[in-house]
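Below are the chains, spelled out letter by letter.
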Amino acid sequence: MSAAAPAPERERLLADVAAFLYREAELLDSRRLDEWLTLYADDASYWIPQGDESTDPRVDVQLVLDDRRRLRERVLRISGGHAYSQDPASRTVHLIGNVRIAGDVDGALDVASVQLITEVRKGRQLQYAGHVRHLLVPRDGGGFLIRAKEIRLANNDLPLGNLTFLM
Amino acid sequence: MTAITDPADLFTEDWRVHGSIYTSDAIFAAEQQRVFHGPWLYVAHESELRSPGDYKTTHAGTQPVIVSRGADDGELRVMLNRCRHRGAAVCQSERGSANFFRCPYHGWTYRNSGELRGITYDDAYPELERQRLGLTRLPRVGVAHGFVFASFAEEGPSLEEFLGNALPYLEIISRQGPDGIRLSAGSHRIEYDANWKLQVENTIDNYHFGFVHRSFLEVLADRIGEAPPIMQQILFNETYRTVDLGNGHSVHEFGDPRTGNNGGQLGDLPFNLIVFPNLCFVGAQLRHVLPKSATKTEVRLYPMLHEGASDEHNAAILRTHEGFYGAAGMGGPDDVEVAFERVADGMRATEDDWLVMSRGAHRERPGENGTLVGHSADEVPQRAFYRGWRNAMTLGGAL
Amino acid sequence: MDSSHDGGRLQLENEFGKVTVALDLSANGPRLRIEDLRNGRTIHLDPLELASLTWLTHERLGPFLDPSQTGWRSDEGAR
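Residues numbered from 1 in each chain as written. Chains lettered and ligands numbered in written order. Predicted model: local features only at pLDDT ≥ 70, side-chain atom pairs only at ≥ 80, totals over all residues.

- Chain C appears in an unreviewed UniProt entry as Dihydrodiol dehydrogenase from Conexibacter stalactiti.

- Under an unreviewed UniProt entry, the name given to chain B is Rieske 2Fe-2S domain-containing protein, and the organism recorded is Conexibacter stalactiti.
- A UniProt comment under Cofactor (unreviewed entry) is attached to chain B, and it reads "Fe cation". (UniProt positions renumbered as here; feature names shortened; annotations may be inferred.)

See the structure below:
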């Protein structure tokens, strides 16, 4: 599996990667969050930056920078029935485009996409557009695991309301 | 349902409070004159303006302002962010460094201390009194333990008098890190459709924690393997207490304000503090509440990093802060949902518009320096805030 | 707000101005070349001029910041 593979293999790989992103979006949109969590590797990170490319999580505040443990806690919280900010739950629609394999990072496929996430909740429809990157590693038995997901929202430096649904 | 026009009538002797304080445009307009014009308003922390020429844009109440450090004299000044010519905002950047500002509309140019330095094609203004057309300065600026305040009032209590019993707490906050604190990490920006006072009074409200943040308590229980004792502490730990500090300020102490803690998390302060009218401290964060209208508010949450500590230490403070706060936090958005927006929804039922803010009023007892002390989950901080608010609002007479 | 470094050329920018500063070796001696990227104006400053600038305060530099003296004069037309 490599970004530098011959053309037919590259096309097949790109199709596999895109199918994986669609699958992840389907799990999110249908709120099958426990199943969604199984897509993430044990050392995974889930990052929603605040600010442009120059933001540095070591010194700048972020919207979300979860390790796998906190990501699981997030799912636990939303699923427990007492998270008022997700009661009622957000209904989301992920629209994914511009999928491309940008390269390799430490043995993982670096996958770039753009996503338009429409969220409906409590009489309001909001839209969040962003550049998304996935680092994907092979999963035992086939398919991929997410080692890192980064969702760089276009409005991430504006005043925000409720981003407690998962992206 | 008749509108109350005398601010004194918004409160009863037994601490019932009229809901229109959260919804009335007339009260909001009066607040800007009476609550925000007189006292000292927080505008910056010195760590945001370290070098001569540094500036930031923010709001003093609803008023857009520039806070700058003089290019030559290093003095802090606060001025309205509005060109004296035709009113365009002169500075756009949240933070920057500039010794001169040039308005983008017609090029009027100001020193960063505010004086009008020059005008484009100035021969068309033979009689202009330039020395009177500098950016409008707030007449008083003061610094307390690194926190920069300004006032629209020419005269009034000094900053030290105004802060009063809150001063020692600001000093403790200023010494959290080995070499102090700094606000260099940026801020979370939250926006909600309800009144600004709801955020201030929610900053110290231990009564709500077990209800609104039940999902977060479940996360903590999962993390440590047992139910965290937060509510037991709040209800039964006698060293936890709320204090009306006077002048609208209040604090909740988790034990000794120098050493206490909430059993807590990295970077957490040993207390929550409200500095009247719109500055709050909770967790590791400075919270600046910015009123936009009677029913719209922006809140800025600035994590306070520890000066002199390692990047790893400060990154851990940031991650802990992000876990609870911000639009995607596991705590703060539940406050927005319940304590602000569902309150705003409920407030539309104005046929019976009175609220109850008397929790623990019977057991408030005098403390040191004229303070009033109550239990951890009593509504002492809310009453402290509204004593200050009522004083300011009634001084102006009827609306 | 930003600055970047490109070879010997520095770009400095805030919300009010955008310039490049470069070491210029095209003359018999070294000079500093400043270019205003908004109008293309340039100036070359020699070491003595630069040394003398250190005696300035921002207040004394003020007349150069007066737009009626630097590019927005009715008798010169806009630049």
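Read on, since the account is not over.
## Focus on the sheet that holds strand S3 (residues 54-60) of chain B
All names here are of chain B.
- One open sheet holds the four strands; their spatial order is S5-S4-S3-S6, and the pairing between them is antiparallel. The two strands at the open ends of the sheet, each matched to only one other strand, are strand S5 (76-80) and strand S6 (95-97). Each strand of the sheet is rotated relative to its neighbour by a mean of 30 degrees, with strand direction disregarded.
- By the bridge criterion, six bridges tie S3 to strand S4 (residues 63-69) in an arrangement that is antiparallel. For Thr 57, the partnering residue across the bridge sits in S4 and is Ile 66. (Pairing = 2+ DSSP bridges. Helix = DSSP H or I, 4+ residues; strand = E, 2+ residues; numbered from the N terminus. Axes fitted to C-alpha atoms, helices over the stretch in contact; angles between N-to-C directions.)

## Details of the UniProt feature "domain: Rieske" (unreviewed entry) in chain B
- What UniProt calls "domain: Rieske" (unreviewed entry) maps, in this numbering, to residues 41-150 of chain B.
- A helix fraction of 0% and a strand fraction of 41% characterise residues 41-150 of chain B, whose end C-alpha atoms lie 5 Å from each other.

## So, the domain arrangement of chain B
Residue and element names in this part refer to chain B.
- Its domain assignment divides chain B into domain 1 (41-151) and domain 2 (182-394).
- The C-alpha centroid of domain 2 is placed 32 Å from the C-alpha centroid of domain 1.
- Contacts between the two partners involve seven residues from domain 1 and, on the opposite side, nine residues from domain 2.
- Here the side of domain 1 that touches domain 2 is composed, by residue class, of one nonpolar, five polar and one charged. (Domains from an automatic or database assignment. Contact = placed C-beta atoms within 7 Å. Nonpolar A, V, L, I, M, F, W, Y, C, P; charged D, E, K, R; others polar.)

## Considerations on the packing of helix H3 (residues 68-79) of chain A against helix H6 (residues 214-224) of chain B
- Between H3 of chain A and H6 of chain B, the least distance of the axes is 9 Å, while the angle of their chain directions is 135 degrees. In terms of axis orientation, H3 of chain A runs oblique to H6 of chain B. Both H3 of chain A and H6 of chain B take part in a crossing whose hand is right-handed. Across the interface between the two elements, Glu 73, Leu 76 and Arg 77 of chain A of H3 of chain A pack against Ser 215, Phe 216, Glu 218, Val 219, Asp 222 and Arg 223 of chain B of H6 of chain B.
- Partitioned by chemical class, the residues of the contact of H3 of chain A with H6 of chain B number three nonpolar, one polar and five charged. (Parallel < 35°, antiparallel > 145°, perpendicular 65-115°, else oblique. Left-handed = near helix turned anticlockwise from the far one by under 90°.)

## Quick look at the interface of chain C and chain B
- Counting residues at the interface gives 15 residues for chain C and 22 residues for chain B.
- The residue inventory of the side of chain C that touches chain B, partitioned by class, reads five nonpolar, seven polar and three charged.

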